[in-house]
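Topology and contacts: notes
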Amino acid sequence: MTPAALALARDGDSAATAAAVTLWKSIVGDPDADPVIPAASNAADWGRYASVALSLVSEHAGSSTDLPGDVLREAVIRAGGYLRTRQGMTAGLVRVTDSGPEFHPSVGSALRRSGAQALLVPWTPRRAGVI
């Protein structure tokens, strides 16, 4: 599943696939989803941090990169959990607002510090420099 497909489910777009909707519901702790994140289901603002984490994952791996659903889910949960506990401080963000994240140039630090970046290594685009 691509981060872009999961973003469609996050946004409630009618073009979202059933698999993407189910995955997003499991991330944000929908009680009807399986599996449910217990800690997430108790936090009213978890969806906001999960949304920002999805944006970070999408920026890092590329929005059209096909990731296994479990890897995508775990990366979003790890990064979102890190952002929630750190409240955006030293997380590569200037701040998290209702309209979305305001990024600092070091956007990768939340992914790196949460362990999500290590999960995404096999799907991270690599470019050769000038030799």
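Residues numbered from 1 in each chain as written. Predicted model: local features only at pLDDT ≥ 70, side-chain atom pairs only at ≥ 80, totals over all residues. Heavy atoms only, no water.

Quick look at the overall build of the protein
So the rule is basically this: Only DSSP runs of H or I with at least four residues qualify as helices, and only runs of E with at least two residues qualify as strands; both kinds are numbered from the N terminus onward. Burial classification: accessible surface area is computed with a 1.4 Å probe over protein chains only, and a residue below 20% of its type maximum counts as buried, one above 50% as exposed, and the rest as partly exposed. Contact criterion: two residues are considered in contact whenever any of their non-hydrogen atoms come within 4.5 Å of each other.
Regarding its fold elements, the protein presents seven helices and two strands. Moving toward the C terminus, one meets the helices and strands of the protein in the order α-α-α-α-α-β-β-α-α. Burial statistics for the protein: of 131 residues in total, 42% are counted as buried. In the protein, the proportion of contacts linking residues at least 24 apart, taken out of those at least 6 apart, comes to 60%.

Some words on helix H1 (residues 3–10)
Convention followed: An arc is given here, and it is the one of the directions from the helix axis to the C-beta atoms.
What H1 keeps buried is the set Pro3, Leu6, Ala7 and Ala9. Along H1, the residues classed as buried sweep out an arc of 155° about the axis, all on the same side. Once H1 ends, the next one or two residues include Gly12, with phi positive near 75°.

So, the pattern of salt bridges
As a reminder, the rule being used: Whenever a carboxyl oxygen of Asp or Glu lies within 4 Å of a side-chain nitrogen of Lys or Arg, that contact is scored as a salt bridge.
Summed over the entire model, instances satisfying the criterion amount to two salt bridges. Asp11 serves as the salt-bridge partner of Arg10, at 3.0 Å between the closest nitrogen and oxygen. Here Arg10 falls in the partly exposed class, since its relative accessible area comes to 25%. Two residues, Glu74 and Arg78, come together in a salt bridge whose shortest N-O distance is 2.9 Å. You can see Glu74 and its partner Arg78 sitting in helix H5 (residues 69–86), four residues apart, about one turn around the helix. Taking the relative accessible area as the measure of exposure, Glu74 reaches 29% and is therefore partly exposed.

Notes on helix H4 (residues 46–61)
Structural remark: α-helix, 3.6 residues per turn; residues separated by three or four positions point the same way. Here is the rule: To estimate the expected span of a helix, count its residues, drop one, and scale the result by 1.5 Å.
Its 16 residues place the ends of H4 22 Å apart at the C-alpha level, agreeing with the 22 Å of an ideal helix rising 1.5 Å per residue. Buried within H4 are the following residues: Trp46, Tyr49, Ala50, Val52, Ala53, Leu54, Leu56, Val57, Ser58 and Ala61. In the segment just after H4, Gly62 is the residue with positive phi, at about 100°.

Comments concerning the packing of H1 against H4
Defined as follows: Interaxial angles span 0 to 180 degrees and are taken between N-to-C directions of axes, which are lines fitted to C-alpha atoms, for helices over the stretch in contact. Working definition: roughly parallel below 35 degrees, roughly antiparallel above 145 degrees, roughly perpendicular at 65 to 115 degrees, and oblique for all remaining angles. Handedness of each helix crossing follows the sense of rotation of the near helix against the far helix: counterclockwise by less than a right angle gives left-handed, clockwise gives right-handed. As a working rule, the residues Ala, Val, Leu, Ile, Met, Phe, Trp, Tyr, Cys and Pro are called nonpolar, Asp, Glu, Lys and Arg charged, and the rest polar, with Gly in that last group.
Taken N-terminus to C-terminus, the directions of H1 and H4 make an angle of 160°; their axes are 10 Å apart at the nearest point. If you check the angle between H1 and H4, you find them roughly antiparallel. You can see that H1 and H4 cross each other, and the crossing is left-handed. From H1, Pro3, Leu6, Ala7 and Arg10 reach across to H4, where they touch Ser51, Leu54, Ser55 and Ser58. Tallied by class, the residues present in the contact of H1 with H4 amount to four nonpolar, three polar and one charged.

Focus on the confidence of the model for the protein
Put simply, the test is: Looking at any residue, its pLDDT shows the predictor's confidence there, from 0 to 100.
The predicted model of the protein has a mean per-residue pLDDT of 78, with 70% of residues at 70 or higher. Of all helices and strands in the protein, the one with the weakest mean pLDDT is helix H3 (residues 38–41) (49), whereas H1 scores best (92).

Let's talk about the environment of Gly81
As for its position among the elements, Gly81 is in helix H5. Residue Gly81 is classed as partly exposed on the basis of its relative accessible area of 22%. Residues Gly81 and Ala53 lie 28 residues apart in sequence; the distance between their C-alpha atoms is 8.7 Å.

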